[in-house]
Amino acid sequence: MPSKNGNQTELYLSEQVVVLCTCGLSFLGSSLIILTHIIWTDLRTTPRRLLVFLSVTDWLSAVSYAFGVWSVFRTDSPECVAQGAISTFANTSSFFWTVSIAVYLYVFIVRSSQRVADSLVLVFHLVRYVNRFINMTS
C-alpha cells in the first residue's frame, strides 16, 4: 500500500503505467473527436459541438493527469499547483458538459424541440463559466 509522506503520495510503477496508459487512450480518443470536428465541416451539428466541448475538457484532464503522474512532485511547487488547478478545472468542466449534453438530449428527444435545445447552448456556456468564476473567487 502506498504510504503518505506529508503532501506526497508514493506511487508504484504499476500505478503510474496504468494511469499513463489510460491518459494516453483518453488523449487519443479526445484528439480524434476534436480533429474530426475540425476536418469535416458537414459534421458540425449542435450535438457534435457539445461532444467536442466535452472532448476538449477530457483532453485537458488527460494531459494534466499524465503530467502529474509523470512529474511526481516532491513539493508544493508552482508546477504542482498549476497541475492541480488545471485538473480541477478540467474535471468540473467535464461534469458540466456531461450534464449539458444530458439536458440537451432530454429537451431534444423528450420535449421534441430542436429549436429550444439548440438555444440552450448559450445557457450551458453561461452556467459553466459563471459557476467557474464563482468557484475561483470564493
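Residues numbered from 1 in each chain as written. Predicted model: local features only at pLDDT ≥ 70, side-chain atom pairs only at ≥ 80, totals over all residues. Heavy atoms only, no water.

A look at the overall build of the protein
The test is simple: The secondary structure listing takes helices from DSSP runs of H or I that are at least 4 residues long and strands from runs of E that are at least 2 residues long, numbered from the N terminus. Method for areas: the Shrake-Rupley scheme with a 1.4 Å probe, in which residue coverage is limited to the protein chains shown.
The number of helices and strands found in the protein is four helices and two strands. The linear arrangement of helices and strands in the protein, starting from the amino end, is β-β-α-α-α-α. Accessible area of the protein: about 9200 Å², with a carbon and sulfur share of 70%.

Concerning the packing of helix α1 (residues 13-39) against helix α2 (residues 46-71)
The condition that has to hold: Angles shown run from 0 to 180 degrees and are taken between the N-to-C directions of axes, each axis being a line fitted to C-alpha atoms and, for helices, limited to the stretch in contact. What sets the label is the angle itself: under 35 degrees gives roughly parallel, over 145 gives roughly antiparallel, 65 to 115 gives roughly perpendicular, and the rest give oblique. Take the far helix as your reference; a near helix turned counterclockwise from it by less than a right angle gives a left-handed crossing, and one turned clockwise gives a right-handed crossing. In this classification, Asp, Glu, Lys and Arg are treated as charged, Ala, Val, Leu, Ile, Met, Phe, Trp, Tyr, Cys and Pro as nonpolar, and every other residue, Gly included, as polar.
Relative orientation of the contacting elements α1 and α2 amounts to 150°, with a least axis distance of 8 Å. By the angle between their directions, the pair α1 and α2 is classed as roughly antiparallel. Here α1 runs over α2; the crossing is left-handed. Taken together, the residues that form the contact of α1 with α2 break down as 16 nonpolar, six polar and two charged.

So, the side chain of Ser-113
Basically, it comes down to this: For the purposes of these results, a polar contact is taken to be a pair of N or O atoms within 3.5 Å, where, inside protein, one atom must be able to donate a hydrogen and its partner to accept one; residues adjacent in sequence count only when each atom of the pair is a side-chain atom. Contacts are assigned to residue pairs with any non-hydrogen atoms lying within 4.5 Å of each other.
Within the secondary structure layout, Ser-113 lies in the loop between α3 (78-110) and α4 (114-137). Here the side chain of Ser-113 touches Val-116 through a polar contact of 3.3 Å, landing on its backbone nitrogen. Those residues in contact with Ser-113, other than ones at most four positions away along the chain, are Val-107 and Phe-108.

Details of the environment of Ser-87
For clarity, the cut-off: Three exposure classes are used, based on accessible area relative to the maximum for each residue type with a 1.4 Å probe and protein chains only: buried under 20%, partly exposed in between, and exposed over 50%.
Within the element layout of this structure, Ser-87 appears in helix α3. Ser-87 gets classed as buried once you look at its relative accessible area, which sits at 9%. The spacing of Ser-87 and Ala-62 is 25 residues in sequence and 8.4 Å in space, taken between C-alpha atoms. Every residue in contact with Ser-87, bar those within four places of it in the chain, is listed here: Ser-64 and Tyr-65.

Focus on the nonpolar core
For clarity, the cut-off: Only buried Ala, Val, Leu, Ile, Met, Phe, Trp, Tyr and Cys residues count toward a nonpolar core, and they belong to the same one when joined by side-chain atoms within 4.5 Å.
Core analysis: the biggest nonpolar cluster contains 10 residues, these being Leu-50, Leu-54, Trp-97, Ile-101, Tyr-104, Val-107, Ala-117, Leu-120, Val-121 and Phe-124. Within the residue set of this core, elements represented by two or more residues are α2, α3 and α4. When sequence neighbours within four positions are dropped, the list of residues in contact with Leu-120 reads Val-103 and Val-107.

Topic: the environment of Arg-49
Along the chain, Arg-49 turns up in helix α2. Measuring from C-alpha to C-alpha, the distance between Arg-49 and Val-121 comes to 9.4 Å, with 72 residues separating the pair along the chain.

Examining α2
Counted only if it meets this: Helix span is expected to be 1.5 Å times the residue number reduced by one.
Its 26 residues give α2 an end-to-end C-alpha distance of 38 Å, which sits within 8% of 38 Å, the value for a rise of 1.5 Å per residue. Listed as buried for α2 are Thr-46, Leu-50, Val-52, Leu-54, Ser-55, Thr-57, Ser-61, Ala-62, Ser-64, Gly-68 and Val-69. A positive backbone phi angle near 45° is found at Val-72, which sits one or two residues after α2.

Quick look at the side chain of Ser-94
Structurally, the position occupied by Ser-94 is in helix α3. Using a relative accessible area of 14% as the deciding quantity, one classes Ser-94 as buried. Not counting the four nearest positions on each side in its chain, Ser-94 is found in contact with Leu-54, Thr-57 and Asp-58.

Observations concerning the UniProt feature "transmembrane region" (unreviewed entry) in the protein
The following threshold applies: UniProt positions are given in the numbering used here, feature names are shortened, and annotations may be inferred rather than shown by experiment.
Mapped onto this numbering, the UniProt entry annotates "transmembrane region" (unreviewed entry) at residues 17-38, 50-73 and 85-109. The distance from the first to the last C-alpha atom of residues 50-73 is 34 Å, and the span holds 92% helix and 0% strand. In the segment residues 85-109, helix accounts for 100% and strand for 0%; the C-alpha atoms at its two ends are 36 Å apart.

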